[in-house]
Amino acid sequence: MAVEIPPLVKPSRLRSRGGLLGECLAEFLGTFVLISFGCGVVAMAVAALPGSGRAATPTTIFLAAGDWLLITWGWALAVMLGVYVAGGISGAHLNPAVTLAMAIRRGFPWPKVLPYWFAQVVGALTGAALVYLVYHSAINAYDSAAPGPKVNGHTNATFSIFATFPAPYFHGGIWGPLIDQIVGTAFLLMLIAAVIDLRNQAVKANLGPLIVGFVVAAIGMSYGANAGYAINPARDFGPRLFTYAAGWDGLAFPGSVAGSFSAYWWIPIVGPLIGGALGILIYDLFIGDVLLVRAEMAELPEPGRSTPARTSDEE
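What you are looking at is a predicted structure, and each value in this text was computed from that prediction instead of being measured.

Reading the values: the criteria
Residues numbered from 1 in each chain as written. Predicted model: local features only at pLDDT ≥ 70, side-chain atom pairs only at ≥ 80, totals over all residues. Heavy atoms only, no water. Helix = DSSP H or I, 4+ residues; strand = E, 2+ residues; numbered from the N terminus. Buried < 20%, exposed > 50% of the residue type's maximum accessible area, 1.4 Å probe, protein only. Contact = heavy atoms within 4.5 Å. Polar contact = N/O pair within 3.5 Å; in protein donor to acceptor, adjacent residues only side chain to side chain. Salt bridge = Lys/Arg side-chain N within 4 Å of Asp/Glu carboxyl O.

Would you mind showing me how to read the overall build of the protein chain here?
Tallying secondary structure elements over the protein chain gives ten helices and zero strands in all. Secondary structure of the protein chain in N-to-C order comes out as α-α-α-α-α-α-α-α-α-α. With the principal axes as the frame, the protein chain shows a C-alpha extent of 80 × 50 × 35 Å. Burial analysis of the protein chain (315 residues in total) assigns 44% to the buried set. Taking contacts inside the protein chain between residues at least 6 apart in sequence as the whole, the part at least 24 apart equals 75%.

Would you explain the side chain of threonine 185 in this entry?
Its location among the elements puts threonine 185 in helix α7 (residues 175-196). A residue is classified by how much of its surface remains accessible, and threonine 185, at 0% relative accessible area, is buried. Polar side-chain contacts of threonine 185 include one of 2.8 Å to the backbone oxygen of glutamine 181. Residues within four places of threonine 185 in sequence aside, it is in contact with Ala97, Ile231, Pro272, Gly275 and Gly276.

How should unusual backbone geometry be read in this particular structure?
Most peptide bonds adopt trans geometry, and most residues besides glycine take a negative phi value. With omega at 10 degrees, the peptide bond leading from phenylalanine 253 into proline 254 counts as cis. Here proline 254 shows up in the loop between α9 (233-248) and α10 (267-298). One non-glycine residue, alanine 205, adopts positive backbone phi at about 55 degrees. Structurally, alanine 205 is set in the loop between α7 and α8 (208-223).

Whenever I open this one, the environment of asparagine 95 confuses me. Can you help?
Summarising the element assignment, asparagine 95 is placed in the loop between α3 (65-90) and α4 (96-105). Considering only alpha carbons, one finds asparagine 95 and tyrosine 116, 21 residues apart in sequence, at a separation of 8.7 Å. Setting aside residues no more than four positions away along its own chain, asparagine 95 makes contact with Gln120, Leu188, Ile231, Asn232 and Pro233.

Which parts of the structure should I look at to understand the pattern of salt bridges?
Note on pairing: side chains with opposite charge can pair once their charged atoms come close. As enumerated under the stated definition, the model contains five salt bridges in all. The salt bridge partner of arginine 199 is aspartate 197, with a shortest N-O separation of 2.9 Å. Residue arginine 199 is classed as partly exposed on the basis of its relative accessible area, which comes to 42%. Residue classification places aspartate 197 among the buried residues on the basis of a relative accessible area of 8%. Overlapping salt bridges, with partners in common, bring together Arg105, Arg106 and Asp284 in one network.

Following this line, the structure appears as structure tokens:
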């Protein structure tokens, strides 16, 4: 049943939020929700469950694939909830790679790109701060119990609650993690384009956010371990800024662990931006353009007619 909801702020003061400001506020809140639940589920897996006595030891994490599934499904739900929160106002990009791709191929206004990016990064940073506020006792307990190496008493494991890093088998190389981020984000944008394309098998009944959440789960399950599947510059950069300020120092910026990797911070930014643009271009090349041609062919008149034939129902 529809209910008239009175505004919290006088309508005369809300008009400024009817345009770009309102869209940026929606991007901020949607990204805040995304990170609050996404980083929150990692905090559960890494620090809270072990520290609360619900694991074999205070530092026991990732003993089986089920631990990874907890994180992938947690991030999937986080994306779904963030999109439901902001979708009606801003389109719920919640990701600079999505914003850039929409500007390149879907007519999103270029002057809005930087304001959206700023709102997304600030929302992500604020979400990370909330997770730290709630879980700092569990984080400190894990860091105290875990063996070194440590930076200001913090471990790379607790840093992973907030931001990403590459797997050891890359031996500190750049290309493996960079390609991983390009591929993961290309799939993300390709599949988002498919979900929202009304000319294709369009999702009905406002189920788009749920399907996008499934897409993120699929990417995490298939391509997550290489580099933590950031696939979103704001998702990584905002929490990375917070962790730098909160004491993780070099683990956050420049993103280095001695003997493992160094100056990693830019890869989860550049890789997704490239991958997102490639993903939406690939979708349009293979699918979007074909749908356009088929729609145009369906509108062509029959031979000898100047206009398409009309049925009796249309007449």
